[in-house]
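A look at the structure
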Amino acid sequence: MVTIGRILAAGASAPGRELDANRGGHIQDTATGRNMQIGMIGLGRMGANMARRLLKAGHECRVHDLDPGAVARLRDEGAPGANSLRELVQALAPPRALWLMVPAAAVDHTLAQLLPLLSEGDTVIDGGNSHYRDDIRRAAQLSARGLHYLDVGTSGGVWGLENGYCLMIGGETSVAARLEPIFAALAPGAGASKSGTSAGTTTGTTATRGYLHCGASGAGHFVKMVHNGIEYGLMSAYAEGLNLLSHAHAGASDRVGDAETAPLAQPEDYRYDFDIAAIAELWRHGSVVRSWLLDLIADALSRDAALEGFAGRVSDSGEGRWTVQAGIDTSVPMPVLSAALFQRFASRGEDDFANRLLSAMRSEFGGHAETPGGPS
C-alpha cells in the first residue's frame, strides 16, 4: 500500500539587484568571453555535477575529493584533479576561489586544513547546507586573515547538471559580484522557469536567471534553510493527499466490527479504486498544484505504483529543524512546516514508545486490548 512515508521517501549591491561584475584574477566578466578558474572540493552527487556544468560552460574547474576514484572520474572528463588540498591550492592562480560541497559537519574540519594554504584575497564558498549562524562565524574568522567567505544555498539536486542550480548567495557584495560569472554558469539562466507567470517586480534582477545575492554573511543559507522547510511542507501535502486517494476504497472490503475498531460511516461512499499514478500525471497538466515535485512523484509512481522499493523511513538533514527553530525564535507560527518535520520523525519510528504508551494507558483504564495489525 502507498503510505505517506513512502511518498515522501520517493519525492533545495543591495540584495535583489543586479550584481555589478568586477574583473579580477582568473574570475573574468561574462562579457569578456574568457574562461574562469575555480577549485571544487567535494565530488558527491551535487559537487561532481556542478564541476561538470562548469566544464561544459568552458570554464577551468580543478577538483579534489577524499575519494581518489571520484577525482579520477572527473579527470577523465577534462577536469584537472588534485590529490590533496595543497596541490589544489597551488594549481590555482590568486585571487583564488574554492567551492566547498561537503557535508555541513565537515566544513570546519575542511577549513582548518585549507585556510593555512590560502593567500590574502582568496575566497572560500560554502555551497552545502550549513547553518547560517556558522556562516556568520566563519566569515568573521576568514576576514581576520584577509580572506573572503560566501555562503551559497544550492538547490537543484541530481537534476542540476541538466537544469541548472538555484543559487542563494550571502556575503560581501563586491566578492559576490566578482564571482558572478561562476554563478551564472551554474544557474539555469533566463527563460528557464516553467511556471507560466510573470516575474513581476523581480524582472531585471539576477533572480530571473536563477541566482541572487540575498544579503550579508549567512543570508544565502538562511534563505536556503527556509526553502528546505517549505519543501518539507510541500512534500507532506502531496503525500497526505495521495495517501487519502489510495485509501478511498476502504468501503469495498469488510471491516472488523468490535469495541476496539471505529466503524466506517457510510462505507458505500468509499469504494473508489483510483489509479494514483494516473492522477499524479493528470495533475501535471493545467492543475493549480502542478510543480516539479509533482513531476518527480508522477515519475516515481510510473515506475513503482505501490512504492514497494521504499520502506517509508524519511530522513531530515537539519534545515527543517533550523527553520522551525527560527520560527520559534522570531515568534512566527509554523504549523504546517513543524507538522511536516514531526511527520518525518514519526516515519522513522521515533513515536513508537508514545504509541506503545497509548496502548498501555487504554489497557490500564479500560482493559482495551490492541487489535493485531490494526483495522484494514
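Above this text you will find the structure in question.
The structure reproduced in this document is the subject of the present report. Note that this is a predicted model, so its numbers are computed, not measured. (Residues numbered from 1 in each chain as written. Predicted model: local features only at pLDDT ≥ 70, side-chain atom pairs only at ≥ 80, totals over all residues. Heavy atoms only, no water.)

What to know about the environment of I169
Quick reminder of the rule: Helix and strand assignments follow DSSP, with helices taken as H or I runs no shorter than four residues and strands as E runs no shorter than two, numbered in order from the N terminus. Three labels apply to residues, based on accessible area from a 1.4 Å probe with only protein chains included: buried if under 20% of the type maximum, exposed if over 50%, partly exposed otherwise in between. Pairs of residues are marked as contacts when any of their non-hydrogen atoms sit within 4.5 Å.
Among the structural elements, I169 can be located in strand β6 (residues 166-170). Owing to a relative accessible area of 0%, I169 belongs among the buried residues under this scheme. Each C-alpha atom of the pair I169 and G220 lies 4.2 Å from the other, and the pair is 51 residues apart in sequence. I169 has contacts with D151, V152, A176, F183, Y211, L212, H213, C214, G215 and G220, leaving out every residue within four places of it along the chain.

Some words on the nonpolar core
Stated formally: Here the nonpolar core consists of buried residues drawn from Ala, Val, Leu, Ile, Met, Phe, Trp, Tyr and Cys, with membership extended through side-chain atoms lying within 4.5 Å.
In terms of nonpolar packing, the biggest core is built from 33 residues, with M40, V63, W99 and F183 touching the most fellow members. Sort the elements by how many residues they give to this core and helix α2 (residues 45-56) lands first, with five residues. The residues contacting F183, other than those within four sequence positions of it, are W99, L150, V152, L167, I169, A176 and Y211. Among the nonpolar cores identified, the runner-up in size contains 20 residues, and L85, L98, L115 and A139 belong to it.

A look at a nonpolar patch on the surface
Applicable threshold: Here a patch means residues that are over 30% exposed by relative accessible area and free of salt bridges, tied together within 9 Å if like-charged and within 5 Å if nonpolar (Val, Leu, Ile, Met, Phe, Trp, Tyr). Accessible surface area values rest on a Shrake-Rupley calculation with a 1.4 Å probe, where residue burial reflects the displayed protein chains alone. We count a salt bridge whenever a side-chain nitrogen from Lys or Arg sits within 4 Å of a carboxyl oxygen from Asp or Glu.
Together, F353, L357, L358, M361 and F365 give the surface a local cluster of nonpolar side chains, amounting to about 570 Å² of exposed area. Within the secondary structure, M361 is located in helix α15 (residues 352-366).

Side note on the pattern of salt bridges
Under the definition given, this model contains 16 salt bridges. The salt bridge partner of R138 is D126, with a shortest N-O separation of 3.5 Å. Pair noted here: R138 is in helix α6 (residues 132-143) and D126 is in strand β4 (residues 123-126), with a separation of twelve residues, a long-range link. Residue classification places R138 among the buried positions, given a relative accessible area of 1%.

What about the packing of aromatic side chains?
Rules: Aromatic pairs are defined between Phe, Tyr and Trp rings, using the six-membered ring for Trp, whenever the two ring centres lie within 6.5 Å; interplanar angles under 30 degrees are classed as stacked, those over 60 as edge-to-face, and all others as tilted. When the NZ atom of lysine or the CZ atom of arginine is within 6 Å of a ring's centre and also within 35 degrees of its normal, the charge is said to sit over that ring.
Here the structure, examined in full by the defined rule, presents four aromatic pairs. Each ring, one from F342 and one from F345, has its centre 5.9 Å from the other, and the planes form 45 degrees; the classification is tilted. Of the two residues, F342 and F345 both sit in helix α14 (residues 335-347), three residues apart, roughly one turn of that helix. Accessibility expressed as a relative area gives 48% for F342, which makes it partly exposed. In this arrangement the basic side chain of R344 is found over the ring face of Y232, its NZ or CZ atom lying 3.6 Å from the centre.

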